[in-house]
Amino acid sequence: MLAYIGRRAILAIFTVWAISVLAFAIIQLPPGDYVTSYIAQMASMGSVVSDEEAQNLRIQYGLGQPMYVQYLKWMRLIVQGNFGMSMEWRRPVTEVIGERLWLTVVVSVAALILTWVLGLPIGIYSAVRQYSVGDYVATFVGFIGLAVPNFLLALVLLYLGFVMFNAHIGGLFSPELQDAPWSAARVWDLLQHLPIPALILGLAGTAQQIRIMRANLLDELRKPYVVTARSKGLSEARVILKYPVRVALNPFASTIGYTLPYIVSGSIIVSVVLGLPTVGPLLLKALIAQDMFLAGTIVLLLGVMTVIGTLISDILLVWIDPRIRLEET
Amino acid sequence: MACATRLIHMAAEPLLSVRNLKTYFTQDEGTVRAVDGVSLDMAPGATLGIVGESGCGKSITARSIMRIVDRPGRIVEGEVYFRRPSNPGGGKGQVVDLAKLEPNGLEMRSIRGAEIALIFQEPMSSFSPVHSVGNQIIEAIQLHQPLGRREARERAIEMLRRVGVSSPEERVNQLSYQLSGGLRQRAMIAMALSCEPTLLIADEPTTALDVTTQTQILELMRRLQQEDGMAIMLITHDLGVVAEMATDVVVMYLGRVVEQAPVDAIFHDPRHPYTRALLRSIPRIRSRTRERLTPIAGAVPHPYDRPTGCPFHPRCPDFMPGTCDRQAPSLRSVGDHHAVSCFLYE
Amino acid sequence: MTAEPEVALDPASAPLPGPSSVGDAREQRVYVASQWQLMWWRFRKHKIAVVSGLVVIAFYAGVLGADFLAYADPDASEAQRSLMPPQRVYWFDGWRFGPYVYAVKGARDPQSFKRVYRADPSQKIPIRFFAEGFEYRVLGLIPTSRHLIGVDGGLDAGQTVFLLGTDVQGRDLWSRLMYGTRISLTIGLFGVTVSLVLGVVLGGLSGFYGGVADTVIQRTIEILRSIPTIPLWMGLAAALPREWSVLQVYFAITIIISLLGWTDLARVVRGRFLAMREEDFVVSARLVGCSQMRTIFVHMVPSFMSHIIAATTLALPAMIISETALSFLGLGLRPPAISWGVLLQQAQNVQTVAISPWLMLPAVPVIIAVMAFNFLGDGLRDAADPYGR
């Protein structure tokens with residue numbers, strides 16, 4: 001088992017490195033750099049930036065040197081914990097990002113938990129009571145979840161909320177507590193606002209879980225060992241839950257790892273629509289403004305966070321059931 | 001020739017008495033009459049062999065008795081009288097109609113696994129792939145007996161030893177795929193017998209095993225039967241196994257009993273044309289070379305396509321037009337505990 | 001130890017065993033049917049999948065006939081007509097079937113300074129079928145100016161019909177939707193082809209040769225799958241030069257999306273190759289003397305063709321959603337290009353949408369298309385699986 005964890009850890013390190021390179025490349029891709037867009041911004045406001053000023057700015061921000069040098073500089077800074085300055089906000093990147101990254105984590109994890117808490121029981125029910133009304137409803141909801149992209153769902157729900165209830169369902173906090181320091185009240189406020197974004201984010205994943213669980217369980221329910229269990233005199237509930245459900249759960253284990261990146265990904269757009277104070281809207285603005293340090297750091301942190309989360313879930317699963325790693329083909 | 005001890009009479013009251021059992025499967029395409037009026041009796045300690053081709057309803061009969069028929073199957077008619085074991089305080093055990101009990105109710109579940117046990121054909125897929133063999137045996141024990149975990153485990157190990165599994169302390173922790181076919185079947189028998197049932201239903205227990213293992217398992221079953229005095233309902237399509245193990249035989253075709261007799265009578269004096277054809281179709285070791293095999297003509301009809309009248313008449317060499325295709329014959333006695341369902345004998 | 005059946009037996013009296021009946025003609029047909037025919041028969045039973053297939057075909061018919069289905073120039077903006085709500089269509093003029101709409105007068109509300117529209121019942125504008133409209137070329141070749149619907153007077157009419165309302169620049173939403181369908185559905189095709197090629201090649205290498213190639217490709221796939229894709233797409237899309245033409249951006253976006261999307265297909269292909277390597281029929285092909293190429297292409301590939309088709313069909317909705325998402329954010333296709341995502345960009349915030357909810361209508365074809373492709377792909381996958389129920 002240690003060997004398995006070791007392998008996953010090494011792979012994770014590679015992944016993080018790949019992300020850092022990609023993040024850096026993304027930032028460097030647009031022609032021109034922050035200074036050019038700064039100049040353009042100044043020009044649109046009527047002021048002019050001289051060439052000398054531009055040059056000084058460039059040196060100051062370290063732009064203009066060969067790529068790999070800039071990359072290594074960036075890496076060294078990061079290892080020291082210095083993520084650079086956001087040129088647009090003129091504050092350290094860490095300040096600008098602030099608690100947004102943690103909130104992204106919170107929303108993503110909430111969505112992930114939801115897919116399991118909702119998806120599995122409904123999937124089990126669907127399979128055991130095949131063709132019942134409940135089964136059809138669950139299947140239908142499942143298809144909605146798969147067919148409607150999460151950001152469109154967010155949009156529609158926003159509209160309905162606004163028009164029907166005159167309520168603004170976006171956001172993770174009530175206006176009063178938006179910028180307040182952390183307190184029990186704030187945590188509670190967050191929990192109250194969490195269900196809707198988590199549901200929107202997690203609906204597609206939930207639908208997927210329902211479908212897979214239903215299909216797997218239907219396969220297992222026909223197998224002889226279920227009959228054996230029944231013939232021993234076990235109650236029907238125990239027969240189902242102890243045996244076929246347990247076997248049907250196995251293929252899931254390998255899918256957890258890849259649900260997290262998907263959810264984190266989705267949270268970016270959904271946050272934009274719902275106006276959540278997470279990393280999504282910030283990233284969008286940073287990319288449009290070509291704010292190099294900010295955008296690159298967000299992509300890097302987002303990626304690293306996802307990889308760590310995936311690694312933790314992999315380790316947890318192997319710890320729970322060593323047999324799972326046999327599924328790794 | 002070591003045959004089972006023959007029970008001439010069923011003078012003592014029967015352990016199990018099935019009366020006109022009908023189990024139908026209703027689906028969109030039609031209704032499958034899997035068990036269509038089966039009646040049979042089992043004496044305590046006897047071995048009843050149930051033979052027939054695949055699809056004749058033997059397994060469904062067993063499952064109907066155990067009340068574990070899958071949806072959309074249902075018992076639509078009939079009774080299954082089972083004499084429950086008497087209390088140690090004396091007195092005869094009560095007779096209960098299993099067909100009337102709630103399949104998932106407390107009473108049926110306390111009978112199932114403890115008083116009537118079932119073993120299956122495919123021990124590999126009959127054991128859960130993710131739980132140890134011991135776990136599953138212990139579960140059966142703890143379900144029906146008030147034993148703690150440790151005692152249940154010891155009892156499981158003891159059962160394994162009794163059925164001839166070597167190093168049972170290790171085996172008890174293994175998964176089913178780690179055991180050979182013969183060991184698995186022994187483990188399954190251990191699990192079934194762990195609560196000392198009075199009736200063991202064995203659904204094709206040796207079909208998936210090679211011949212040597214087959215013999216061992218059959219020997220094992222015989223030995224256990226002698227030690228515990230339980231009755232065995234042996235479902236098989238192998239007439240050889242029947243000859244070796246059974247005291248009485250029931251022949252089934254398309255969900256009905258066509259002939260019922262003590263084992264010797266079935267082999268030496270078969271009455272029903274189907275029984276005769278079955279026996280004829282066995283390849284004989286003493287036959288001349290190049291002699292043709294004699295299978296039964298035709299094929300088993302599609303379940304949705306049952307023939308009217310006697311279900312066997314399209315393939316019967318003694319078919320009597322006008323009689324056999326009009327009505328189904330009923331089971332009538334033709335001798336000493338010998339009954340046939342055929343118009344030839346009415 | 002078997003008992004000897006001593007039944008007196010005269011073999012001659014026993015009925016001769018005839019050849020067992022093979023069944024009726026229908027069963028015969030099943031035996032000789034080709035793999036594709038079998039697939040088609042299984043597919044046909046899956047009603048929802050068949051309906052979805054028809055929907056998909058209808059969509060692509062719409063792609064070809066976008067010009068015909070639209071009635072207004074999608075780029076013709078007109079401030080006077082900004083944010084008009086959808087017009088109500090009256091289907092019967094008296095007792096006759098004659099759809100028409102009322103002319104609409106716009107005025108500026110003196111208090112909110114917003115344009116308000118009122119229908120003028122005194123002016124009926126009949127809707128004509130196969131009417132004249134702006135010029136276009138059928139399939140890029142034949143010039144014509146007939147459209148499915150239009151109004152009398154064609155382009156010169158003072159008023160015209162707006163089935164789905166207009167956007168903030170006064171452009172007809174229906175016509176833009178028709179053109180948007182064209183781009184949204186074809187962008188997916190191209191991207192899926194790229195993913196397909198990458199997936200089959202890499203997955204095939206991985207599965208067939210195993211060893212080092214397999215390990216490297218597998219690890220790469222795992223790395224790619226652990227990365228959240230949208231931030232990357234956003235970054236790559238934002239990096240595209242603003243001077244690029246619509247077409248260049250279009251292709252760049254599809255390539256970006258496919259670069260990460262090939263992993264699923266590769267895994268399917270690899271899985272199939274791995275499973276098939278051990279199959280007896282492959283081994284016997286090699287034993288008979290087939291070259292490796294022949295073994296792969298003649299024996300192995302046809303076995304999983306159907307799986308590939310199913311996987312590809314299921315990959316399309318992901319492409320469509322990705323493009324829609326990117327364009328919605330403003331990072332993908334940009335005006336003057338028209339796609340569902342670009343159309344939805346106008347619906348980005350709730351205030352706009354609350355006043356003009358019809359701006360959300362482009363979401364409908366997205367949802368329908370995704371559902372249709374999903375059901376179709378499911379149906380194909382079930383039909384392709386020889387071991388399915």
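The model shown is predicted, which means the values in this text are computed figures rather than measured ones. (Residues numbered from 1 in each chain as written. Chains lettered and ligands numbered in written order. Predicted model: local features only at pLDDT ≥ 70, side-chain atom pairs only at ≥ 80, totals over all residues.)

Q: Looking at this model, I keep getting lost on the overall build of chain C. Mind explaining?
A: Across its full length, chain C holds 13 helices and five strands. Scored against the burial criterion, the 389 residues of chain C give a buried share of 37%. Taking the contacts inside chain C whose residues are at least 6 apart along the sequence as the reference set, 67% of them involve residues at least 24 apart. (Helix = DSSP H or I, 4+ residues; strand = E, 2+ residues; numbered from the N terminus. Buried ≥ 20, exposed ≤ 12 C-beta atoms within 10 Å, placed from the backbone. Contact = placed C-beta atoms within 7 Å.)

Q: Sorry if this is basic, but what is going on with the packing of helix H3 (residues 47-64) of chain C against helix H13 (residues 363-384) of chain C here?
A: Between two packed helices, the angle of one axis relative to the other and the distance separating the axes together describe the packing. Residues and elements named next belong to chain C. Where H3 contacts H13, the axes come no closer than 8 Å and their chain directions differ by 130 degrees. When the axes of H3 and H13 are compared, the pair comes out oblique. Considering only the axes of H3 and H13, their crossing is left-handed. Of the residues in H13, those in contact with Ile-48, Ala-49, Ser-52, Gly-53, Val-55, Val-56 and Phe-59 of H3 are Ile-368, Ala-369, Ala-372, Phe-373, Phe-375, Leu-376, Asp-378 and Gly-379. A per-class count over the contact of H3 with H13 returns 11 nonpolar, three polar and one charged. (Axes fitted to C-alpha atoms, helices over the stretch in contact; angles between N-to-C directions. Parallel < 35°, antiparallel > 145°, perpendicular 65-115°, else oblique. Left-handed = near helix turned anticlockwise from the far one by under 90°. Nonpolar A, V, L, I, M, F, W, Y, C, P; charged D, E, K, R; others polar.)

Q: Please clarify how the interface of chain A and chain C should be interpreted in this entry.
A: You'll often see interface size given as the accessible area lost when the parts meet. On the side of chain C, 35 residues touch chain A, which itself brings 41 residues to the contact. Counted by class, the side of chain A that touches chain C contains 36 nonpolar, five polar and no charged residues.

Q: Is there a simple way to explain the interface of chain A and chain B in this structure?
A: Facing the 15 residues of chain A at the interface are 20 residues of chain B. Sorting the residues of the side of chain A that touches chain B by element identifies helix H11 (224-231) and helix H13 (244-274) of chain A as the ones contributing at least two each. In terms of residue count, H11 of chain A provides more of the side of chain A that touches chain B than any other element does, six residues in total. Tallied by class, the residues present in the side of chain A that touches chain B amount to six nonpolar, four polar and five charged.

Q: What am I meant to see in the sheet that holds strand S4 (residues 73-83) of chain B here?
A: To summarise the sheet geometry, strands pair through backbone hydrogen bonds and adopt either a parallel or an antiparallel arrangement. Residues and elements named next belong to chain B. Read across the sheet, four strands follow the order S2-S1-S4-S5 without closing on themselves; strand pairing throughout is antiparallel. Edge positions in the sheet fall to strand S2 (30-42) and strand S5 (95-97), since each of these pairs with one other strand and no more. With direction set aside, neighbouring strand axes in the sheet form an average angle of 10 degrees. Inspection of the sheet shows strand S1 (residues 16-27) paired to S2 by 10 bridges, in the antiparallel sense. Bridged to Leu-16 within S2 is Met-42. (Pairing = 2+ DSSP bridges.)

Q: I keep staring at the nonpolar core and nothing clicks. Help me out?
A: Nonpolar side chains tend toward joint burial in soluble globular proteins. Formed by 250 residues in total, the largest nonpolar core has its most connected members in Leu-283 and Ile-298 of chain A, Met-233 of chain B together with Met-234 of chain C. When residues in this core are grouped by element, the largest group, 14 residues, is from helix H10 (residues 292-329) of chain C. Apart from residues no more than four positions distant in its own chain, Ile-298 of chain A is found in contact with Ile-97, Val-279, Leu-282, Leu-283 and Ala-286 of chain A. Formed by nine residues, the second largest nonpolar core is a distinct cluster that contains Met-84, Val-101, Ile-125 and Val-151 of chain C. (Core = buried A, V, L, I, M, F, W, Y, C linked by C-beta atoms within 7 Å.)

Q: Can you walk me through the pairing of strand S3 (residues 47-51) of chain B in this structure?
A: Each regular strand carries side chains that alternate between the two faces of the sheet. Residue and element names in this part refer to chain B. The buried fraction of S3 is high, at five of five residues. Residues Thr-47, Gly-49 and Val-51 line one face of S3 and the alternating positions Leu-48 and Ile-50 line the opposite face, and both faces are buried. In terms of strand pairing, S3 meets strand S9 (residues 248-253) through four bridges, oriented parallel. Residue pairing across strands places Val-51 opposite Val-251, the latter belonging to S9.

Q: Sorry if this is basic, but what is going on with the sheet that holds strand S8 (residues 231-236) of chain B here?
A: Residue and element names in this part refer to chain B. Overall, mixed pairing links the eight strands, which are arranged S6-S7-S8-S3-S9-S10-S12-S11 in an open sheet. With partners counted over all chains shown, the strands left at the sheet margins are strand S6 (116-119) and strand S11 (332-335), one partner each. Averaged over all neighbouring strand pairs, the angle between strand axes comes to 20 degrees, with direction disregarded. Here S6 runs beside strand S7 (residues 199-203); their pairing, made up of four bridges, is parallel. Paired with Ile-116 across the two strands is Leu-199, which belongs to S7.

Q: Got a minute to help me understand unusual backbone geometry in this structure?
A: A negative phi holds for most residues other than glycine; trans holds for most peptide bonds. All names here are of chain B. Omega for the bond connecting Arg-71 with Pro-72 falls within 30 degrees of zero, at 5 degrees, which places this linkage in the cis form. In this fold, Pro-72 is placed in the loop between helix H1 (58-66) and S4. Here the phi dihedral of Ser-167 falls at roughly 40 degrees; this positive angle occurs in a residue that is not glycine. Along the chain, Ser-167 turns up in the loop between helix H5 (149-162) and helix H6 (168-171). Notably, Leu-254 is not glycine yet its phi reads approximately 50 degrees, a positive angle.

Q: I would appreciate a short explanation of helix H7 (residues 181-193) of chain B in the present structure.
A: Since the α-helix advances by 3.6 residues per turn, residues separated by three or four positions end up pointing in the same direction. Residues and elements named next belong to chain B. For H7, spanning 13 residues, the distance from its first C-alpha to its last is 18 Å, which sits close to the expected 18 Å at 1.5 Å a residue. For H7, a buried count of 12 out of 13 residues is recorded, marking the element as mostly surrounded by other parts of the structure. Taken residue by residue, H7 has Gly-182, Leu-183, Arg-184, Gln-185, Arg-186, Ala-187, Met-188, Ile-189, Ala-190, Met-191, Ala-192 and Leu-193 as its buried positions. Looking at the buried side of H7, the elements it contacts are S6, helix H3 (123-126), helix H4 (133-144), H5, S7 and helix H8 (211-228). (Expected span 1.5 Å × (residues − 1).)

Q: Honestly, the environment of Leu-224 of chain C in this entry has me stumped. Any pointers?
A: Residue and element names in this part refer to chain C. In this structure, Leu-224 sits in helix H6 (residues 211-226). A C-alpha to C-alpha distance of 9.8 Å links Leu-224 and Trp-262, two positions 38 residues apart in sequence. Once residues within four sequence positions are removed from consideration, Leu-224 is found in contact with Leu-260 and Thr-263.

Q: Would you take a moment to explain the confidence of the model for chain C for this structure?
A: In low-pLDDT regions, the fine details of the predicted coordinates are not to be read closely. Residue and element names in this part refer to chain C. Per-chain confidence: chain C averages 76 in pLDDT, with 86% of residues scoring 70 or above. At the low end of the mean pLDDT range in chain C sits helix H1 (residues 25-32), at 62; at the high end sits helix H11 (residues 340-345), at 88. The low-confidence segment residues 1-23, where pLDDT is below 50, has 28 contacts with residues more than four positions distant or belonging to other chains. For this predicted complex, the interface confidence comes out at an ipTM of 0.80, alongside a pTM of 0.76. (pLDDT = per-residue confidence, 0-100.)

Q: Just checking my understanding: could you explain the packing of helix H2 (residues 35-45) of chain C against H13 of chain C for this structure?
A: Residues and elements named next belong to chain C. Relative to each other, H2 and H13 sit at 130 degrees, their axes nearing to 8 Å. It follows from the interaxial angle that H2 and H13 lie oblique. For H2 against H13, the interelement crossing comes out right-handed. Contacts from Met-39, Arg-42 and Phe-43 in H2 reach Gly-379, Leu-380, Ala-383 and Ala-384 in H13. Residues of the contact of H2 with H13, tallied by class, amount to five nonpolar, one polar and one charged.

Q: Help me understand the environment of Ile-296 of chain C in this model?
A: Residues and elements named next belong to chain C. Following the sequence through the fold, Ile-296 ends up in helix H10. Overall, Ile-296 belongs to the partly exposed group, with 17 C-beta atoms counted inside 10 Å. Between the C-alpha atoms of Ile-296 and Gly-204, which are 92 residues apart in sequence, the distance is 9.6 Å. Not counting the four nearest positions on each side in its chain, Ile-296 is found in contact with Phe-208 and Val-301.

Q: Looking at this structure, how should I read the environment of Ala-297 of chain B?
A: As for its placement among the helices and strands, Ala-297 of chain B is situated in the loop between helix H11 (273-280) and S11. According to the C-beta neighbour criterion, Ala-297 of chain B is partly exposed, with 16 such atoms within 10 Å.

Q: Please clarify how H4 of chain B should be interpreted in this entry.
A: Residues and elements named next belong to chain B. Between its terminal C-alpha atoms H4 stretches 18 Å, which fits the 16 Å expected from 12 residues at 1.5 Å a residue. Taken residue by residue, H4 has Val-133, Gly-134, Gln-136, Ile-137, Ile-138, Glu-139, Ala-140, Ile-141, Leu-143 and His-144 as its buried positions. Next to the buried residues of H4 lie helix H2 (106-111), H5, H6 and H7.

Q: Which parts of the structure should I look at to understand the pairing of S8 of chain B?
A: Residue and element names in this part refer to chain B. Burial runs high along S8: six of the six residues are buried. Across the two faces of S8 the burial is the same, with Ala-231, Met-233 and Ile-235 and Ile-232, Leu-234 and Thr-236 all buried. Both S3 and S8 contribute to a ladder of five bridges, which runs parallel. Counterpart to Val-51 in the pairing with S8 is Thr-236. Relative to S8, S7 is paired through five bridges, and the arrangement is parallel.

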